[in-house]
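Summary of structural features
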Amino acid sequence: MSLIADLTIAEVAAEVADPLVQSWWEDAANLPAGADTAEFFAKTLQAAFIAQSKKNAAGTPAVGEALNAYLTPQATAPVTNTTTGEQSYTITHSVQVLASVDLNVVIPQRA
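To start, this report covers the structure provided alongside it. (Residues numbered from 1 in each chain as written. Predicted model: local features only at pLDDT ≥ 70, side-chain atom pairs only at ≥ 80, totals over all residues. Heavy atoms only, no water.)

**Notes on the overall build of the chain**
A count of helical and extended segments in the chain gives three helices and six strands. Along the chain, from the amino end to the carboxyl end, the secondary structure elements read α-α-α-β-β-β-β-β-β. For a compact globule of 111 residues, the expected C-alpha radius of gyration is about 13 Å, and the chain comes in at 18 Å, more than 25% above that figure. For the chain, the C-alpha atoms occupy an extent of roughly 50 × 35 × 25 Å along the three principal directions. (Helix = DSSP H or I, 4+ residues; strand = E, 2+ residues; numbered from the N terminus. Rg over C-alpha atoms; globule rule 2.2 N^0.38 Å.)

In structure tokens form, the structure reads like this:
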């Protein structure tokens, strides 16, 4: 039994329904050696959450105006590998948008 390999950028691009977004993905450079697609999305969504927090904090948005599209990552308690001492956890990143059912209109959620 072997693990199924992570998705490639090409596999993700092939499933994007919007031609303009799909074209951007198809033109995107390959990920750096040693980085897989899950790592790319996890690190990108973590950065988006942090950037959103800073952007909201820099202003004084009224209720309903603050950006709330990149939700707080949800993580399990850290677990320590008793052999290596390495700590790890499972983390879920989410994006919250208001979208038409055909995804032709997608806007970030506000809080």
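**Concerning unusual backbone geometry**
We note that Leu103 has phi near 65°; this positive angle belongs to a residue other than glycine. Residue position: Leu103 is located in the loop between strand S5 (97-99) and strand S6 (106-108).

**Digging into empty space enclosed by the protein**
Tallying each qualifying case throughout the model produces one cavity of 30 Å³ or more. Taken as a whole, the largest cavity encloses approximately 30 Å³ of empty space. What lines the largest cavity is simply Leu45, Phe49, Tyr70, Leu71, Pro73, His93 and Ser94. Broken down by class, the residue content of the lining of the largest cavity amounts to five nonpolar, two polar and no charged. (1 Å grid on protein atoms, 1.4 Å probe; cavity = no way out; pocket = protein on both sides within 12 Å on 5 of 7 lines; lining within 4 Å. Points joined across faces, edges and corners; volume = space filled by probe spheres on them. Nonpolar A, V, L, I, M, F, W, Y, C, P; charged D, E, K, R; others polar.)

**Thoughts on the side chain of Thr37**
With respect to the element layout, Thr37 can be found in helix H3 (residues 37-58). Among the residues examined, Thr37 registers a relative accessible area of 5% and is labelled buried. (Buried < 20%, exposed > 50% of the residue type's maximum accessible area, 1.4 Å probe, protein only.)

**A short note on H3**
Across its 22 residues, H3 extends 31 Å between first and last C-alpha, which sits within 8% of the 32 Å expected from 1.5 Å per residue. When we look at burial in H3, the residues that qualify are Thr37, Leu45, Ala48, Phe49 and Gln52. The buried residues of H3 occupy an angular sector of 110° when projected down its axis, which confines them to one face. Along H3, exposed side chains directed more than 90 degrees from the buried face belong to Lys43, Lys54, Ala57 and Ala58. For H3, the capping residue at the N-terminal end is Asp36, with a side-chain oxygen 3.4 Å from the backbone nitrogen of Ala38. (Expected span 1.5 Å × (residues − 1). Arc of directions from axis to C-beta. Polar contact = N/O pair within 3.5 Å; in protein donor to acceptor, adjacent residues only side chain to side chain.)

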